[in-house]
Amino acid sequence: MSVNLKLTAFLFSFFLVVACAKKSIPVGLEKLERKKTSELVDQLELLSNPEWDFLSTKITTRFLSNEHKQNFKTSLKMKKDSLLNVTITFAAIPIINAVLSPDSLKVVNKKDKCYMLEDLRFLKRKFEIPFEFSQVEELLLGLPLAWDKESRYHQLEDLYHYVISSHKKRFVNRRETKNDDEILIRYFLSPKTMELDQILLDSPQDTTSIRIQYFDRYNDGSFSLPQRTEINIFTPRDTIYVELKFQKPEVEKEKVIFLTIPENYEKCN
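Before going into details, it helps to say that this report is about the structure given with it.

Reading guide: rules and limits
- Residues numbered from 1 in each chain as written.
- Predicted model: local features only at pLDDT ≥ 70, side-chain atom pairs only at ≥ 80, totals over all residues.
- Heavy atoms only, no water.
- Buried < 20%, exposed > 50% of the residue type's maximum accessible area, 1.4 Å probe, protein only.
- Helix = DSSP H or I, 4+ residues; strand = E, 2+ residues; numbered from the N terminus.
- Pairing = 2+ DSSP bridges.
- Salt bridge = Lys/Arg side-chain N within 4 Å of Asp/Glu carboxyl O.
- Patch = residues over 30% accessible without salt bridge, like charges linked within 9 Å, V, L, I, M, F, W, Y side chains within 5 Å.
- Areas by Shrake-Rupley, 256 points an atom, 1.4 Å probe, with all protein chains shown as cover.
- Lys, Arg positive; Asp, Glu negative; His and termini not counted.
- Charge placed at Lys NZ, Arg CZ, Asp CG, Glu CD.
- Contact = heavy atoms within 4.5 Å.
- Core = buried A, V, L, I, M, F, W, Y, C linked by side-chain atoms within 4.5 Å.
- Disulfide = S-S within 2.5 Å.
- Phe/Tyr/Trp six-rings, centres within 6.5 Å; stacked < 30°, edge-to-face > 60°.
- Lys NZ or Arg CZ within 6 Å of the ring centre and 35° of its normal.

**Here's the deal with the pairing of strand β8 (residues 162-165)**
Residues of β8 alternate between two faces, with Y162 and I164 on one and V163 and S165 on the opposite face, all of them buried. Direction of pairing for strand β7 (residues 154-156) relative to β8: antiparallel, over a ladder of 3 bridges. Its bridge partner lying in β8, H154 is registered against S165. Between β7 and the antiparallel strand that follows it, β8, lie 5 residues.

Here it is as structure tokens:
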């Protein structure tokens, strides 16, 4: 598959103390209704395939890293499986216009009068994460990231969510995989709405971790979009935090996507 719960020590100590005693539930917290793993997998499969062809929305973005701190407005237009257009504005003035496709990234920087023409390996080098176009799309839409219906999934215990994992509990607890190119992925479903609340991704080989949290959702019956998304990326070199607040989403109202590079612009350094 392309692309720690720190309860282990606590649970181990707990069972040593109480041995055969019945597991307790914190006061005020109801025990989750038991669900079959297949039922949860079917729900994630359903969430991974919403009906849509075109989406446009406004996003208020906050970005923090070890070296940068920025707040800006973003206009997003997406054509399913083919194009993603982002326009970033400061003080209502468009500064960055970018178009992402399944095989390329094109960026026009109006502030510095330069442009970039890259393939998707640029995102891998920039964020140390093996991005694919479909995964960028899934991330923005709040879908199960890197979901593969042909893979075998496992259910993990959790007090607050239904959790489906790409790997068994022992691999997750040890933060290890059988193959170097594998990534540990956990999907957290809300027990109340059965919507996707959170995704955790761990790449043991390069010690990179990502936590994606979705808060509330716009829902028109056939399509669900997060109202707010928080992304935390932890790499050996940096810690990145991104907050996305979505506003005024429009589905199926197709708009023109274009990017023009002025003749006097040079390639960005």
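From this point, things continue past the structure.
**Section: the pattern of salt bridges**
As enumerated under the stated definition, the model contains 10 salt bridges in all. A salt bridge links R62 to E243; the nearest nitrogen and oxygen atoms lie 3.5 Å apart. Placement of the pair is R62 in strand β1 (residues 54-64) and E243 in strand β13 (residues 239-251), with a sequence separation of 181 residues. By relative accessible area, which is 32% here, R62 ends up partly exposed. The salt bridge partner of E243 is R228, with a shortest N-O separation of 3.5 Å. With E243 in strand β13 and R228 in strand β12 (residues 224-234), this residue pair connects regions lying 15 residues apart in the sequence.

**A closer look at a negative patch on the surface**
A surface patch of negative charge is lined by E51, D53, D220 and E252. Topologically, D220 is positioned in the loop between β11 (208-219) and β12. A residue is classified by how much of its surface remains accessible, and D220, at 51% relative accessible area, is exposed.

**Some thoughts on the environment of V163**
Within the secondary structure layout, V163 lies in strand β8. Judged by its relative accessible area of 0%, V163 falls in the buried class. Sequence-wise, V163 and L40 are 123 residues apart; in three dimensions their C-alpha atoms are separated by 8.4 Å. Not counting chain neighbours up to four residues away, the residues in contact with V163 comprise H154, Q155, L156, D158, R186, Y187 and F188.

**Examining unusual backbone geometry**
Negative phi is the rule for most residues except glycine; trans is the rule for most peptide bonds. Notably, M194 is not glycine yet its phi reads approximately 60°, a positive angle. Along the chain, M194 turns up in the loop between β9 (184-189) and β10 (196-203). Assessed through its relative accessible area of 16%, M194 is described here as buried. In this structure, K248 takes a positive phi of about 50° despite not being glycine. Here K248 lies in strand β13. Residue K248 is classed as exposed on the basis of its relative accessible area of 71%.

**Quick look at the nonpolar core**
Core analysis: the largest hydrophobic core is formed by 55 residues, its most contacted members being L84, I199 and I212. In terms of residues, this core owes the most to one element, helix α4 (residues 133-141), which gives 5 residues. Filtering out sequence-adjacent residues up to four positions away, I199 remains in contact with L143, P144, L145, I185, R186, Y187, I210, R211, I212 and Y214. Of all hydrophobic cores here, the second largest spans 5 residues; its members include L156, V163, V172 and F188.

**Remarks on the state of the cysteines**
Any covalent bond linking the sulfur atoms of two cysteines counts as a disulfide. The full count for this structure, using the stated rule, is 1 disulfide. Here C114 engages in a disulfide with C268; their sulfurs sit 2.0 Å apart. Sign of the S-S torsion, about 90° for the bond between C114 and C268, identifies this disulfide as right-handed. Separated by 154 residues along the polypeptide, C114 in strand β6 (residues 114-118) and C268 in the segment after β14 (266-267) bring together distant segments of the chain. C268 shares its class with C114; the two are buried.

**So, the packing of aromatic side chains**
Under the criterion given, the structure shown has 4 aromatic pairs. With a centroid separation of 4.2 Å and an interplanar angle of 5°, the aromatic rings of W147 and Y153 are classed as stacked. Of the two residues examined, W147 and Y153, each falls in the buried class. Residues W147 and Y187 carry aromatic rings whose centres are separated by 5.3 Å and whose planes lie at 75° to one another, so their mutual orientation is edge-to-face. You can see W147 sitting in the loop between α4 and β7 and its partner Y187 sitting in strand β9, a full 40 residues away along the chain. Considered together, W147 and Y187 belong to a single accessibility category, that of buried residues. Among the aromatic residues, those joined into a ring-pair cluster are W147, Y153 and Y187. Against the face of F215 rests R228, its NZ or CZ located 4.0 Å from the ring centre.

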